[in-house]
Amino acid sequence: MRGVQFLEPLFEFSGACAGCGETPYLKLLSQLFGDRMLVANATGCSSIYGGNLPVTPWSTNHEGRGPAWSNSLFEDNAEFGLGLRLAADKHRALAASLLRALAPELGAALVESVLAAPQIQESQVRAQRARVAEARARLLPLAEHRAEARDLLSVLDHLVRRSVWIVGGDGWAYDIGFGGLDHVLAAGRDINVLVLDTEVYSNTGGQASKATPLGATAKFAAAGKRIARKDLALQAIAYGNVYVAQVAMGANPQQTLQAFREAEAYEGTSLILAYSHCIEHGFDLRYGMKQQDLAVASGYWPLFRYVPAMRRIGESPFRLDSPRPTIPFKAYAYNELRYRRLTASDPAAAEELLVQAQAAVTDKYRTYEDFSQLRDGPTPAAVTAAAKSWGLPGEVPLVPATPAR
Ligand SMILES: Cc1ncc(C[n+]2csc(CCOP(=O)(O)OP(=O)(O)O)c2C)c(N)n1
Ligand code: SF4
């Protein structure tokens, strides 16, 4: 990927399936922020290939810095990540107060520059590391006779901005961990959430989640999913102050890179939904990135960014980054067994669901296009109005559900 190929990955040889669509996003994350990153990883494929103990693909650089990673539970990962953020904030506050107390010995100018330093861009973070190293050098001789100096040394590194990431799959984010995730989105803290969206519970063999698309088959949706996938992005956007991006690396790597950078730099909560191809989709993963491209080209997976800060300069916060659909949904979907399976077991239902799925894609894309024209972007009222026109369950004639075989 242009712009990052020379950055060292701190996520290396994982035990994921060959061609997994999740791991490239983690590698990118580690290249960009790995040396100051805290990761709360929900249970799922990413916790298994990310922690296949006694080894781990999470690594360190030549300075010994690397991501601090842990897996809590499937159901409380967002809360766990929020705890990491609160702890990092507490440590930073403690370090700042000790630094102020020791200003006469350390030098007022150095203390002031450490406390006031901006740390948004990587160059600023590097400059802060140098200041903190200087503070450490001045502290070491003091540590022998001053307890405050010893205390400060134990938390000094927290003066370099921590990058906190909550990572998990769609089963976690859309379903089982959603209550906690919603709590995090509403908490207004500087936290980043990355959803590796395979649209099924991959690690337990492909059960349907609320992210499973209309028309696809999955375990518990063997007769084809009858309801469109939940729009988690719009739910987050409704808060108004959450940065939200939908990305697909195989379709537009530069947009993915921009979204990761913007999300991390945003001093608030960010949510990235990352399209991740998976063996559960039923196609040769050698063509995973190509299939991502088709998902975007068909309009099924529009790329966008909701950037709250844009409102401050009078611009629409909603940026639609992918062009109008150029291919029908079928040209993307029918490359995958999860969609094709139904054509053998129930061709009539497959045909009807394909029509509905195409209509849902077309409607959704048009709505997103409208959102990008609104000066204030998709406000909760605009989202509600749009959702009505998409046809909610019960309002559209659905194919009668045939029992799963
Ligand atoms: C409360 C709870 N329910 C179920 C499980 C079993 N479980 C472990 S991983 C997983 C699937 C994870 O799916 P997803 O979040 O989509 O991540 P993916 O594996 O697709 O990356 C399930 C159901 C669990 N660990 N805890
Ligand atoms: S099952 Fe899917 S998400 Fe899990 S490691 Fe394999 S390809 Fe990746």
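Here, residues in each chain are numbered from 1, in the same order as that chain's written sequence. Chain letters start at A and ligand numbers start at 1, both assigned in the order the entries are written. Owing to the predicted nature of the model, reporting of local features is limited to residues with pLDDT of at least 70; listing and counting of side-chain atom pairs is limited to 80 or more, with chain, interface and lining totals taken over all residues.

Draft legend 1. Region of interest: the overall build of the protein. Numbering of helices and strands runs from the N terminus; a helix is a DSSP stretch of H or I covering at least four residues, while a strand is a stretch of E covering at least two. A count of helical and extended segments in the protein gives 16 helices and 10 strands. The quantity called the radius of gyration is restricted to C-alpha atoms. Its globule counterpart is 2.2 Å times the number of residues to the power 0.38. Taking 405 residues into account, the globule formula puts the C-alpha radius of gyration at 22 Å, and the protein, at 23 Å, falls close to it. Comment: burial labels come from other C-beta atoms within 10 Å of the residue's own C-beta, placed from the backbone, where a count of 20 or more is buried, 12 or fewer is exposed, and between is partly exposed. Counting across all 405 residues of the protein, residues that qualify as buried make up 45%. Remark: residues whose backbone-derived C-beta atoms lie within 7 Å of one another are considered to be in contact. For the protein, restricting intrachain contacts to residue pairs at least 6 apart in sequence, the fraction spanning at least 24 positions comes to 72%.

Draft legend 2. Fine view of the site of ligand 2. Near, as applied to residues and a molecule or strand, means the residue's backbone-placed C-beta atom lies within 6 Å of it. What surrounds ligand 2 is the set Ala16, Cys17, Cys20, Glu22, Cys45, Tyr49, Thr198, Ser202, Asn203, Cys278, Ile279 and Glu280. Class assignment of the residues belonging to the shell around ligand 2 gives a composition of seven nonpolar, three polar and two charged. Charged means Asp, Glu, Lys or Arg here, nonpolar means Ala, Val, Leu, Ile, Met, Phe, Trp, Tyr, Cys or Pro, and polar covers whatever is left, Gly included.

Draft legend 3. Here's a closer look at the site of ligand 1. Near ligand 1 there are 19 residues, and of these Gly44, Gly169, Gly171, Ser202 and Asn203 occur at the shortest range. Contributing elements (two or more residues each) for the shell around ligand 1: helix H2 (45-49), strand S3 (163-169) and helix H8 (170-176).

Draft legend 4. Structural context of the packing of helix H3 (residues 77-101) against helix H5 (residues 108-116). Only the contacting stretch of a helix is used when fitting its axis, a line to C-alpha atoms as for every element, and angles between N-to-C directions run 0 to 180 degrees. Running from amino to carboxyl end, H3 crosses H5 at an angle of 160 degrees, the nearest separation of the two axes being 10 Å. As judged from the angle between their axes, H3 and H5 are roughly antiparallel. Read as a crossing pair, H3 and H5 show a hand that is left-handed. Residues Ala96, Leu99 and Arg100 of H3 lie in contact with H5, whose contacting residues are Val111, Val114 and Leu115. Considered class by class, the residues forming the contact of H3 with H5 number five nonpolar, no polar and one charged. In this scheme, roughly parallel covers angles under 35 degrees and roughly antiparallel covers those over 145, while 65 to 115 is roughly perpendicular and the rest are oblique. What makes a crossing left-handed is the near helix being turned counterclockwise from the far one by less than a right angle; a clockwise turn instead makes it right-handed.

Draft legend 5. Region of the structure containing the environment of proline 325. As for its position among the elements, proline 325 is in the loop between strand S10 (318-320) and helix H13 (329-333). Taking the C-beta count within 10 Å as the criterion, proline 325 has 19 such neighbours and is therefore assigned partly exposed. Residues proline 325 and tryptophan 301, spaced 24 residues apart in sequence, show a C-alpha to C-alpha distance of 9.9 Å. Setting aside residues no more than four positions away along its own chain, proline 325 makes contact with Ala297, Ser298, Gly299 and Tyr365.

Draft legend 6. Representation of the sheet that holds strand S7 (residues 243-247). DSSP-based pairing: two strands are paired if at least 2 bridges between them are found. Strand order in this open sheet of eight strands is S2-S1-S3-S4-S8-S7-S9-S10, and the pairing throughout is mixed. The sheet terminates laterally at strand S2 (68-71) and S10, the two strands that pair on one side only. In this sheet, neighbouring strand axes are inclined to one another by 15 degrees on average, regardless of whether the strands run parallel or antiparallel. Note that strand S1 (residues 37-41) and S2 share four bridges and pair parallel. Directly across from alanine 40, in S2, lies its bridge partner serine 70. Its contacts with the sheet put helix H11 (residues 253-265) on S3, strand S4 (192-197), S7, strand S8 (270-275) and strand S9 (304-306), and the angle it makes with S7 is roughly 160 degrees. Helix H15 (residues 347-373) contacts S9 and S10 of the sheet and is inclined by roughly 130 degrees relative to S10.

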